[in-house]
Amino acid sequence: MKKIIYILPFFLLICCKSQKSATASIDSRSLYEEQREKLFKYYFYEAEKAIHLSEFDRAMGLWLFCQSLDSTDAAVQQNLGFLYQGLENKEAAHKHYQRAYELDKRMYWKNYVSLLFDENEYEEAASVLTEIQKLLPDDTEVLEALSTAYQAKGDQKSAIKTQLKLQKTEGINEYNTMALYNLYSSTGQVSKAVKVVEDYVDENPDDTRFIAFLLDIYCSYDSTKAQNYQLEQLQKHPADPYILLSLSHYAFIRGDDQIGTEYMRQAFQSSEWGFADKMSQLDLIQRRYNFNVPLTVMIYDQLIKDYPMEAFVYRRYSDFLLLLGDYQAAKPVVRSLLEIDESTSEDWMTYLQILQSDTISTDAEYEWCIFNAFHKFPHSVEWSYWYSRLAIINQQIDFALVVAERAIHYNKDKDLTQEEKNYLFHLHQLCGDIYSSRDEYDKSFEHYEGALLIDPNNSYILNNYAYLLALHGDNISKAENMSQKTLQNEPNNAMYLDTYAWILHLQGQDMLARFYIQKAIENLKDEPEEEIRQHYNIIMNK
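Calculation notes
Residues numbered from 1 in each chain as written. Predicted model: local features only at pLDDT ≥ 70, side-chain atom pairs only at ≥ 80, totals over all residues. Heavy atoms only, no water. Helix = DSSP H or I, 4+ residues; strand = E, 2+ residues; numbered from the N terminus. Rg over C-alpha atoms; globule rule 2.2 N^0.38 Å. Buried < 20%, exposed > 50% of the residue type's maximum accessible area, 1.4 Å probe, protein only. Contact = heavy atoms within 4.5 Å. Areas by Shrake-Rupley, 256 points an atom, 1.4 Å probe, with all protein chains shown as cover. Lys, Arg positive; Asp, Glu negative; His and termini not counted. Charge placed at Lys NZ, Arg CZ, Asp CG, Glu CD. 1 Å grid on protein atoms, 1.4 Å probe; cavity = no way out; pocket = protein on both sides within 12 Å on 5 of 7 lines; lining within 4 Å. Points joined across faces, edges and corners; volume = space filled by probe spheres on them. Nonpolar A, V, L, I, M, F, W, Y, C, P; charged D, E, K, R; others polar. Phe/Tyr/Trp six-rings, centres within 6.5 Å; stacked < 30°, edge-to-face > 60°. Lys NZ or Arg CZ within 6 Å of the ring centre and 35° of its normal. Core = buried A, V, L, I, M, F, W, Y, C linked by side-chain atoms within 4.5 Å. Salt bridge = Lys/Arg side-chain N within 4 Å of Asp/Glu carboxyl O. Patch = residues over 30% accessible without salt bridge, like charges linked within 9 Å, V, L, I, M, F, W, Y side chains within 5 Å. Expected span 1.5 Å × (residues − 1). Arc of directions from axis to C-beta.

Asker: How should the overall build of the chain be read in this particular structure?
Answerer: Helix and strand counts for the chain come out as 29 helices and 0 strands. What you see for the chain is a C-alpha radius of gyration of 40 Å, clearly larger than the 24 Å of a compact globule of 542 residues, by over 25%. With respect to the principal axes defined by its C-alpha atoms, the chain has extents near 140 × 95 × 40 Å. With 542 residues in all, the chain has 42% of them scored as buried. Looking at the chain alone, contacts between residues at least 24 apart form 48% of all its contacts between residues at least 6 apart. Accessible area of the chain: about 30,200 Å², with a carbon and sulfur share of 51%. Looking at the chain, you have 52 positive and 82 negative side-chain charges, and the mean spots of the two groups are 11 Å apart.

Put into C-alpha cells, the structure is as follows:
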C-alpha cells in the first residue's frame, strides 16, 4: 500500500508534464500554420503583381513557391497551368489545369476543357463537361461546350439533345437556331432543320435575315412554297436588303439573271445596311456565285457610287480586277484610290506594276506615279530606286546618283525586309555602274561590295566587279575568284567565259586563257561580239 502511494504522485507528475508538452506542441503547430498562411498570402499577392507587370519568369517562381506552401490551392494550380501554356509546355499545363479542376470543379473547368479541345481530346472533354453539367445543370456555357464536344467526337445525337436543352434554357435565339439547323441538316433531318428556322421566324417576325434564310431554304427544295413565301415577304418588307438579296438568289436559280442583278443592286443601295454590312455581304456573294464577274463589278460600281471617298472599296475592287488580270480596268480604279488616299506605298507600287503590265500606258503616267510616290516616301529604297531610274532616262545622271546614295546612306543600318534589301542591292548596282562608266573605279568597287553583301552570288555584279578589278584594281587574285564563281553559276555564259579568259591572260596564263576564250566564242548568242572577238584575237595570237 505504501508502495502504491509512492508511485502515484510520480505518475501524476509525469502526466502533468506530458499534458503541458502536448499543449505547447499544439500552440507551436498553430503558430507555424499561421505563419505559413501569411507567407502564402504574401507571395500569392506578389505573383499576381508580377503577372500584372508581365514579369512571367518571376511569376512562375513565385507560384511554384506558393505551391510548395499549399499544393491544394486551386488558384495556384490554375495560374501555373496558364504560365506553362504560355511557354507551350502543354504537358505541364495539362497537369496543373487538371489539378485545379479536381480541387474546384465549378470554378476551374474552363481552361482544362479548352486545353482538351486544343489537344483534340474530345472524349475526355465530353466526360469532364458531363460531370460539370451535373453540378451546373442550367449553365449555358457548359451546355454549349458539351454540344461542341459531342459534335467534335461525332456523336451528333447527343449534340442535338444537348442543344435542345440549351434552347430550352435560353429560349429560342439565333445562335441555338443555327446550331440546331446545322445539326439536323448534317444528320439528314431536313424537316426538323426547316422547322427550327420556321419556329425562330414565328417568334421573330421582323428578323429579315432569317426570313431571307428561310426563303433560301424553300428555294432549295420547294419552288412553289418559295414563290408564295417570296410574294408574301415582298409585300411585308419591300425594301429590306436581306429579302431583296434572297429574291435575287431565287431569280438566279430560275435563270433570270437580269432580275437577279436588279434585286442585288437594290439590296446594296439600301440604307439599312451600313458600309461594313455591305462589304461583308459582298464577300459572301463572291463565294456563293463563284466570283461572278459582271455581278461583282456591278456591286463594286454601286459601292463606289455610294462611298466615293472610301479608299477600302477602291483597294478591294482593284484587287479583284488584278486577280482577273484586267490591268486596263484596274488602272483607273487605283488612280482614283491614290487621289483619295496617297498615304500607302503599297498602293503606289500596285499602280506602277499595273502601268508596267498595261501595254498602252504612257510615259506621263509613269512619271506621275514615280515622281509623286518618291516625294511622298523620299527615304524608301523602292521609290529612290525608281526615281533614280527615271532621272537616268531623263539624262539627269548626277541627280540619279544623289538620290540613290542618299537612300543607301539612310537605310544602311535599318532592319529591311527582303524586298527592300533587293531594292538596296539594285541601288548599289546602279551607283556602281554609273561610277564605272565615269572611270571612278574606287567608288564603283565600293558599291559593288555593298551589292555583294546583300547578294553574294549575283553573277552580274561578280562579273562586272571582277573585270574592272582586274583592269583597274590591285587584287587580281580576288578578281579571278569572283570570275570563277560566275562560271560555277553559269558555265556556258559567253560574257563570263570571256572575263575569266581575259583575267587569265592578264596573269600570263595564256594556254588556259585560250581554252576559255574559245569556249566563249562557241557560246556566243546575243552578247555583243566585238569585245569578245578582240580578246579572242589577242589571246589566240599571243
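Asker: Explain the layout of surface pockets to me, please; I cannot follow it from the model alone.
Answerer: Think of a ball as big as a water molecule: rolled over the atoms, this probe shows where empty space is left. Put simply, the largest pocket is a space of about 390 Å³. The wall of the largest pocket is formed by 16 residues, among which Asp216, Tyr242, Leu245, Gln281 and Leu284 lie closest to the centre. Elements represented by at least two residues in the lining of the largest pocket include exactly helix 11 (208-221), helix 13 (241-254) and helix 15 (275-288). Among the residues making up the lining of the largest pocket, the classes are represented as 10 nonpolar, 3 polar and 3 charged. Empty space within the second largest pocket amounts to approximately 260 Å³. Together, 12 residues line the second largest pocket, and Asn463, Asn464, Tyr467, Met495 and Glu531 are the ones closest to its centre. Secondary-structure elements contributing two or more residues to the lining of the second largest pocket are helix 25 (459-472), helix 27 (494-506) and helix 29 (529-540). Among the elements that line the lining of the second largest pocket, the one with the most residues is helix 25, at 4 residues.

Asker: Just to check I follow, could you spell out the packing of aromatic side chains for this structure?
Answerer: When we look at a pair of aromatic rings, we describe it by the centre distance and by the angle of the planes. All told, the structure shown has 29 aromatic pairs when counted by the stated rule. Taking the centre distance of 5.8 Å and the plane angle of 55° together, the rings of Tyr385 and Tyr423 count as tilted. With Tyr385 in helix 21 (residues 381-393) and Tyr423 in helix 23 (residues 418-437), the pair connects residues that are 38 residues apart, well separated along the chain. As far as the burial class goes, Tyr385 and Tyr423 line up, both buried. An angle of 85° between the planes, with centres 5.1 Å apart, marks the rings of Phe515 and Tyr516 as edge-to-face. An aromatic cluster is built from Tyr181, Tyr200, Phe210 and Phe213, whose rings are joined through pairwise contacts. Here the guanidinium or amino end of Lys105 rests over the ring plane of Tyr101, the centre of that ring lying 5.3 Å away. For Lys414, the ring lying beneath its charged end belongs to Tyr410, and the centroid distance is 4.2 Å.

Asker: Can you walk me through the nonpolar core in this structure?
Answerer: Within soluble globular proteins, side chains that are nonpolar tend to cluster in buried spots. Of all hydrophobic cores here, the largest spans 122 residues; its most connected members are Trp63, Trp109, Met264, Phe268, Ile299 and Trp383. For Phe268, the residues in contact, after removing those within four places along its chain, are Leu245, Trp273, Lys278, Gln281, Leu282, Ile285, Ile299, Gln302, Leu303 and Asp306.

Asker: Would you mind going over the side chain of His237 with me for this structure?
Answerer: Looking at the secondary structure, you find His237 in the loop between helix 12 (223-236) and helix 13. Excluding residues within four positions of it along the chain, His237 makes contact with Pro205, Asp206, Thr208, Ile211 and Ile243.

Asker: Where do I start with the side chain of Thr208 in this structure?
Answerer: Mapping Thr208 onto the fold places it in helix 11. You can call Thr208 buried: its relative accessible area is 8%. Apart from the residues lying within four places of it in its own chain, the contact partners of Thr208 are His237, Asp240, Tyr242 and Ile243.

Asker: What exactly am I supposed to notice about the pattern of salt bridges here?
Answerer: Should the charged atoms of two oppositely charged side chains come close, the side chains can pair. Here the structure, examined in full by the defined rule, presents 25 salt bridges. Across the salt bridge formed by Arg58 and Glu55, the nearest N and O atoms sit 3.7 Å from each other. Take Glu55: its relative accessible area is 33%, and that puts it in the partly exposed class. In this structure, Lys225 and Glu198 form a salt bridge, with 3.6 Å as the shortest nitrogen-oxygen distance.

Asker: Looking at this structure, how should I read a positive patch on the surface?
Answerer: On the surface, Lys157, Lys161, Lys165 and Lys168 cluster together into a patch of positive charge. Its place among the elements puts Lys168 in helix 8 (residues 156-170). Looking at Lys168, the relative accessible area reads 75%, which means it is exposed.

Asker: It is not clear to me how helix 12 should be interpreted in this structure. Could you clarify?
Answerer: Each turn of an α-helix holds 3.6 residues, which means side chains three or four residues apart point in the same direction. Between the first and last C-alpha of helix 12 there are 20 Å, a value that for 14 residues agrees with the 20 Å anticipated at 1.5 Å per step. Residues Ala226, Tyr229, Gln230 and Gln233 constitute the buried set of helix 12. Along the long axis of helix 12, the arc covered by the buried residues comes to 110°, so they all point the same way. Exposed side of helix 12, more than 90 degrees from the buried face: Thr224 and Gln235 are the residues found there. On its buried face, helix 12 sits against helix 10 (190-203), helix 11 and helix 13.

Asker: How should the environment of Ala100 be read in this particular structure?
Answerer: Among the secondary structure elements, Ala100 is positioned in helix 4 (residues 90-103). A C-alpha to C-alpha distance of 55 Å links Ala100 and Tyr410, two positions 310 residues apart in sequence. With near-sequence residues (within four places) excluded, Ala100 lies in contact with Ala74, Gln77, Gln78 and Tyr108.

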